[in-house]
Protein chains: 2
Amino acid sequence: MLDHRDRLDRIFQALADGTRRDMVERLVSGPASVSELAGSHSMTLQAVMQHLKVLEACGLVRTEKVGRVRTCAVQPDGLRLAEAWLSGRRTGWENRLDRLGELLEPDS
Amino acid sequence: MLDHRDRLDRIFQALADGTRRDMVERLVSGPASVSELAGSHSMTLQAVMQHLKVLEACGLVRTEKVGRVRTCAVQPDGLRLAEAWLSGRRTGWENRLDRLGELLEPDS
DNA sequence: CCCATACTCAAGCAATCACTTGACTGTTGG
DNA sequence: CCAACAGTCAAGTGATTGCTTGAGTATGGG
C-alpha cells in the first residue's frame, strides 16, 4: 500500500510538472476525455496518457472508461493532502515567530 | 529570472522528496547548520548538501556561511506560493460543485 | 602551528523521467 | 461491414535525479 509519506512524494512529484498542473487546472472546471486534455498541449496523445497515469497513480485524478472514451476528473483529497502538509509547515513557522516575538517583548 | 511557472515546478519538485521535506520540517523549528541537518539522515554529507542546493535554488531555504559553518533557514514565501496554487485549485473545484448544487436545487 | 572540523568540488553510476515512434485494439457512426 | 476515432502497449532515447566515492579548501580551538 501507499503510505502517507510515499503518497506525498508522488503528489508533489506529479505537481512538479507544468503540463500536469495544466491538466488538473483544466479538470477542476469539469471532467474531460483524454483527447480533450491532449488538445491544448503540443505533444502526442501517448505523452498525455503517461502524464495522466502519473496523476491517477497518486490519486489526484480518477478516470473511467465507458465505450471508447476515457473520462477524467479531479479527486480533490490529493490536493487537500498536499495543502495540509504545506499549511502545517507554515503554521509551524508562524508559531515559532510568535514565540520569538514573546521573548523579545514579554509584556504582551 | 525564474518565472512563476518554473518556480512552481522547482518548488513542487523539491517537496517531492521525503528527505527534503524532513529538512524543511526540521528548519521550520529553527535554523540549523549543514552537519546538524545531515545528522538525522543516514546519507553522506555531500548528498545532504545536494538536497540543500535544490531547496535553495527554488527559494524554500536561504543559507548563509559564516566562518566555516553554513547556517540554513526556511524562507516561507516559497511554501506560501505552493499553498496558494493548491488552494486556488481546490476553491475552483468547490465553486464548481456549488454551481452544480444550485442547478440541482435552484430554490436555495 | 597543526589537526580536527565543516564543508566543497568533481566525477561516476544506476534509476527514473518526459518524451518519441510505431504498431495495435476496441468502439461506433453511417 | 468498415473506416475513422479514441485510446493502449511496447520499446527506445536523451536528460535529470539521488546518490556514491575520493580528493580538496577554509577555519578555528588548543
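Here the structure is shown first, and the text comes after it.
Rules of the game
- Residues numbered from 1 in each chain as written.
- Chains lettered and ligands numbered in written order.
- Predicted model: local features only at pLDDT ≥ 70, side-chain atom pairs only at ≥ 80, totals over all residues.
- Helix = DSSP H or I, 4+ residues; strand = E, 2+ residues; numbered from the N terminus.
- Rg over C-alpha atoms; globule rule 2.2 N^0.38 Å.
- Buried ≥ 20, exposed ≤ 12 C-beta atoms within 10 Å, placed from the backbone.
- Contact = placed C-beta atoms within 7 Å.
- Axes fitted to C-alpha atoms, helices over the stretch in contact; angles between N-to-C directions.
- Parallel < 35°, antiparallel > 145°, perpendicular 65-115°, else oblique.
- Nonpolar A, V, L, I, M, F, W, Y, C, P; charged D, E, K, R; others polar.
- Arc of directions from axis to C-beta.
- Least-squares fit on C-alpha atoms with pLDDT ≥ 70 in both.
- Near = placed C-beta within 6 Å.

This part is about the overall build of chain A. Looking only at helices and strands, one finds five helices and three strands in chain A. Each helix and strand of chain A, ordered N terminal to C terminal, gives the series α-α-β-α-α-β-β-α. Against the 2.2 N^0.38 benchmark of 13 Å for 108 residues, chain A shows a C-alpha radius of gyration of 19 Å, more extended than a compact globule. Looking at the 108 residues of chain A, the share that counts as buried comes to 25%. Pairs at least 24 residues apart make up 52% of the contacts formed inside chain A by residues separated by at least 6 positions.

Right, let's talk about the packing of helix α2 (residues 18-28) of chain A against helix α4 (residues 45-57) of chain A for a bit. Geometrically, a packed helix pair is captured by the angle between its two axes and the distance between the axes. All names here are of chain A. The N-to-C vectors of α2 and α4 enclose an angle of 70°; their axes lie 10 Å apart at closest approach. Here α2 is positioned roughly perpendicular relative to α4, judged by the angle of their axes. On α4, the residues that touch Thr-19, Arg-20, Met-23 and Val-24 of α2 are His-51, Val-54 and Leu-55. Broken down by class, the residue content of the contact of α2 with α4 amounts to four nonpolar, two polar and one charged.

This part covers helix α2 (residues 18-28) of chain B. Listing the buried residues of α2(B) in full gives Arg20(B), Met23(B), Val24(B) and Leu27(B). Down the axis of α2(B), the sector holding all buried residues measures 95°, keeping them to one side.

This brings us to the relation of the copies chain A and chain B. Structural alignment of chain A on chain B gives an RMSD of 0.0 Å, achieved by rotating through 180° and translating 0.0 Å along the axis. Both chain copies can therefore be described as sitting about a two-fold axis. Most of the interface of chain A is mirrored in chain B: 100% of its interface residues are interface residues there too.

The partner chain B presents 26 residues to the 26 residues of chain A that form the contact. Of all elements in the fold, only α1 (4-15), α2 and α5 (76-104) of chain A reach the threshold of two or more residues within the side of chain A that touches chain B. Considering each element in turn, the side of chain A that touches chain B owes the most residues, twelve residues, to α5(A). Residues that form the side of chain A that touches chain B fall into these classes: eleven nonpolar, six polar and nine charged.

This next bit is on the environment of Glu83(B). Following the sequence through the fold, Glu83(B) ends up in helix α5 (residues 76-104). Glu83(B) sits 59 residues away from Val24(B) along the chain, and the two C-alpha atoms are 15 Å apart. When residues no more than four places from it in sequence are discounted, the contact partners of Glu83(B) are Glu83(A), Leu86(A), Ser87(A) and Arg90(A).

Attention shifts here to the protein's contact with DNA strand C. With respect to spatial proximity, 21 residues lie near DNA strand C, and among them Gly67(A), Ser33(B), Val34(B), Ser35(B) and Val69(B) are the closest. Broken down by secondary-structure element, the contributors of at least two residues to the surface near DNA strand C are α4 of chain A together with α3 (34-39), α4 (45-57) and β3 (69-74) of chain B. Per element, the largest residue contribution to the surface near DNA strand C is four residues, and it comes from α4(A). Of the residues assigned to the surface near DNA strand C, the class counts are seven nonpolar, nine polar and five charged.

This part is about the protein's contact with DNA strand D. Lining the immediate surroundings of DNA strand D are 21 residues, of which Ser33(A), Ser35(A), Ala47(B), Gly67(B) and Arg68(B) lie closest. At the level of secondary structure, the elements contributing two or more residues to the surface near DNA strand D comprise α3 (34-39), α4 and β3 (69-74) of chain A together with α4 of chain B. Here the surface near DNA strand D takes four residues from α4(B), the largest share from any one element. In the surface near DNA strand D, the residues fall into seven nonpolar, nine polar and five charged.

Residue and element names in this part refer to chain B. Mapped onto the elements, Thr-71 comes out in strand β3. Given 15 C-beta atoms within 10 Å, Thr-71 falls into the partly exposed group. With 48 residues separating them along the chain, Thr-71 and Met-23 place their C-alpha atoms 13 Å apart. In contact with Thr-71, not counting residues within four places along its chain, are Pro-31, Ser-33, Thr-63, Glu-64 and Val-66.

The values are spatial; any link to function lies outside them.
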